[in-house]
Amino acid sequence: MATDSSPVATVRSLRKSYPGGIVALDGVDLDLSARSITALTGPNGSGKTTLLRILAGRLAPSSGTVKVLGADPAGDSVSLRRRVSFISQELALDPEMTGAQTLRLFAVLYGVPHRKIAARIDELAQSLELKRHLPMRVQAYSGGLRRRLHLALGLLDDPELLLLDEPTAGLDPAGRAFLWAFLKQLAERSASIAMITHDLDEVARHCHRVAVIGNGKLLACASPQTVVRDHARRMLRVTLATDAPLSDPTLAHLAELPSVKNLRVRGPELSMEIFDEHPAKERILSMLSSGNIDVRSFQVQEPDLASAYFRLTGETAEQQSRRLPGSARGRHTRDGEAAS
Amino acid sequence: MTAAALRIVSSVYERTWMKALRRPVLLSFSLAQPMIWMLFFGFLFQRYRVERPGGEIRYLDFLLPGICAMTILFGASQSGIELIRDMQTHFLGRLLNTPADRRLLLIGKLTADVSRLLAQATLVFLLGLVVGARVSSSLPGLALAVVALGLFGFAFSALSCAIALLTRAPESMAVFVHLVNMPLLFTSTAFVPSRQMPDFLSSVSQFNPLTLAVGALRGTLLFQEIPSVKLSLLPLALLALVLFGVASAALTRAAQD
């Protein structure tokens, strides 16, 4: 999909710390391209929502510069509130109002011209498949309908930048597919979208860019294909026929094979990154069989966004986790001894 | 005010009324309370004569304007509750992050609250007539007294909203009743004329905004006086303006959280 090259938002050296010394964001640089979907992903507590809230002007940065559509979002300007729509993860709806009442109220508040309100509500209700539910009170809506109405409110005035915090949370597969298709249409038409999501398969399929955030730092930001190319590795998963743990010398030997990296042990399952599929697989299997260790199954997993994600965020987490002692230090970990 | 601004005010006004009507229990409680006070106080003190130069006034006649103003005061203190509910559902944050001028949102809510309070006070007034209160008034006098009550209601609804926005706790509304309403009520001329109060209380009552609202209504209902713009309406308008400013600032602060 083609996107405009000029950024709609630029973030430079962004740092946000909270009282108590908690650093939510630490030196983040990021550009959001026009007419594109950028996914923000990372472990819980990594700083994604803080970043989105700063872009939306809901939170002031501790230092660094942020420009959204050429303006400082911390200025809380009416013009930015009109051009940027922040749609929080919490469903901010009044259960006692009907869908129609809610949309009408927000259309007025967003300054949609009076004569266009009915048509705009009709258009949105049509495209979000809300129409027949509009006369009902929101308290009677299903979770998926509520999320669609929640989204519709943010679209009433055709925002240029849409900031979404986990818009697919709580949706069933059909609801997710519907929402992704809708967001793609929006981006193709005119809107720029930045969204927090953990749905990596969908990110790979639909997003133009993905920003992986971990421990307040931007770990990668590029197209999903580039992130996979640069950060994902082919994984080999081996399930042993026995529950007895492998001895430390065997593990160290495995970890020191030249085509193996980041060996992890989880009960009878071993997982490792491999660089050359066939020689590595053969070497590992022959090493295990020479030690009389039976293998129940093995599986090669091709590089994908999920493996890039785990590798990127795992590296950050590993810095904080306890490493195994001995010669294999840093090359292999047992279950529970390394965070992913 | 532009047509767009008027539409914002009227949309919020409409929603506030809709929410109030969907809570008949709260609505009837804030109406029942002053009615009970009027019946109890009115009959308990029916032999109590209010002195005035050249005669006396029946206590029920004297009490009725006080109870009407009390209805406004107690009803106004409930205004913030709806904002707390909106904060709990995150709906308020959503409203505040639209491009609409936040002061217009507040005006819409407060004018709806004031119209509800005046409607409740009217019902209390009619009940007072049913139980035997005797009053008479001129139309201009009554209109200005209603304006005084409206300004008073606007001011204390704004204060209630400011407290709700700053504390974010429903319990704060109960504290409001005890720390603001009760002292205000018993240091005013709502139940007792100032000349029959202890001296210090009589002095305090002169600066009590409830006294100004009660005085405007009582003056016109009992003595056919026209409420003074300078001594009644202007101070109440200033108070309403100041408390509206406080509530607006609290609303802007809430938008940042």
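Our subject is the structure that appears above.
Residues numbered from 1 in each chain as written. Chains lettered and ligands numbered in written order. Predicted model: local features only at pLDDT ≥ 70, side-chain atom pairs only at ≥ 80, totals over all residues.

Asker: So what about the overall build of chain B? Which residues, and what values?
Answerer: When helices and strands are counted, chain B shows 11 helices and 2 strands. The linear arrangement of helices and strands in chain B, starting from the amino end, is α-α-β-β-α-α-α-α-α-α-α-α-α. A globule of 257 residues ought to have a C-alpha radius of gyration of about 18 Å, and chain B, at 19 Å, matches this closely. By its C-alpha atoms, chain B is 60 × 35 × 35 Å across when sized along the principal axes. For chain B, the residues scored as buried account for 44% of the 257 residues in total. When contacts within chain B are restricted to residue pairs at least 6 apart in sequence, those whose partners lie at least 24 apart make up 82%. (Helix = DSSP H or I, 4+ residues; strand = E, 2+ residues; numbered from the N terminus. Rg over C-alpha atoms; globule rule 2.2 N^0.38 Å. Buried ≥ 20, exposed ≤ 12 C-beta atoms within 10 Å, placed from the backbone. Contact = placed C-beta atoms within 7 Å.)

Asker: Please set out the overall build of chain A residue by residue, giving values where relevant.
Answerer: Of the regular secondary structure elements, chain A holds 11 helices and 14 strands. In terms of overall dimensions, chain A has a C-alpha envelope of 80 × 45 × 40 Å along the principal axes. Here chain A, with 340 residues, has 43% of them falling under the buried criterion. Counting contacts in chain A only where the partners sit at least 6 residues apart, residues at least 24 apart contribute 70% of the total.

Asker: Tell me about the sheet that holds strand β1 (residues 7-18) of chain A, and name the residues and values.
Answerer: Residue and element names in this part refer to chain A. Reading across the sheet, the 3 strands line up as β2-β1-β4 and stay open at both edges, with antiparallel pairing between neighbours. Each having just a single partner strand, β2 (22-33) and β4 (63-68) make up the two edges of the open sheet. Here the strands of the sheet are splayed against their neighbours by 15° on average, with no regard to which way each runs. By the bridge criterion, 9 bridges tie β1 to β2 in an arrangement that is antiparallel. Looking at the pairing, R15 lines up with D26 of β2. (Pairing = 2+ DSSP bridges. Axes fitted to C-alpha atoms, helices over the stretch in contact; angles between N-to-C directions.)

Asker: Explain the interface of chain B and chain A to me, using residue names and the numbers behind them.
Answerer: Facing 17 residues of chain B, the contacting portion of chain A comprises 18 residues. Every element with two or more residues in the side of chain B that touches chain A is listed here: α1 (3-21) and α5 (91-96) of chain B. For the side of chain B that touches chain A, a count of residues per class yields 6 nonpolar, 6 polar and 5 charged. (Nonpolar A, V, L, I, M, F, W, Y, C, P; charged D, E, K, R; others polar.)

Asker: So what about helix α2 (residues 24-44) of chain B? Which residues, and what values?
Answerer: Residue and element names in this part refer to chain B. With 21 residues, α2 extends 29 Å between its outermost C-alpha atoms, agreeing within 8% with the 30 Å of an ideal straight helix rising 1.5 Å per residue. Buried within α2 are the following residues: P34, W37, M38 and G42. For α2, the angular spread of the buried residues around the axis is 120°, confining them to a single face. Exposed positions of α2 whose direction lies more than 90 degrees from the buried face are P24, V25, S28, F29, A32, I36, F40 and L44. Lining the buried residues of α2 we find α3 (59-76) and α6 (102-130). (Expected span 1.5 Å × (residues − 1). Arc of directions from axis to C-beta.)

Asker: Quick rundown of unusual backbone geometry? Include the residues and the values.
Answerer: All names here are of chain A. The phi torsion at E166 lies on the positive side, around 45°, for a residue other than glycine. The backbone of N262 sits at a positive phi, close to 50°, despite the residue not being glycine. Its place among the elements puts N262 in strand β11 (residues 260-266).

In short, shape yes, function no, at least from these values alone.
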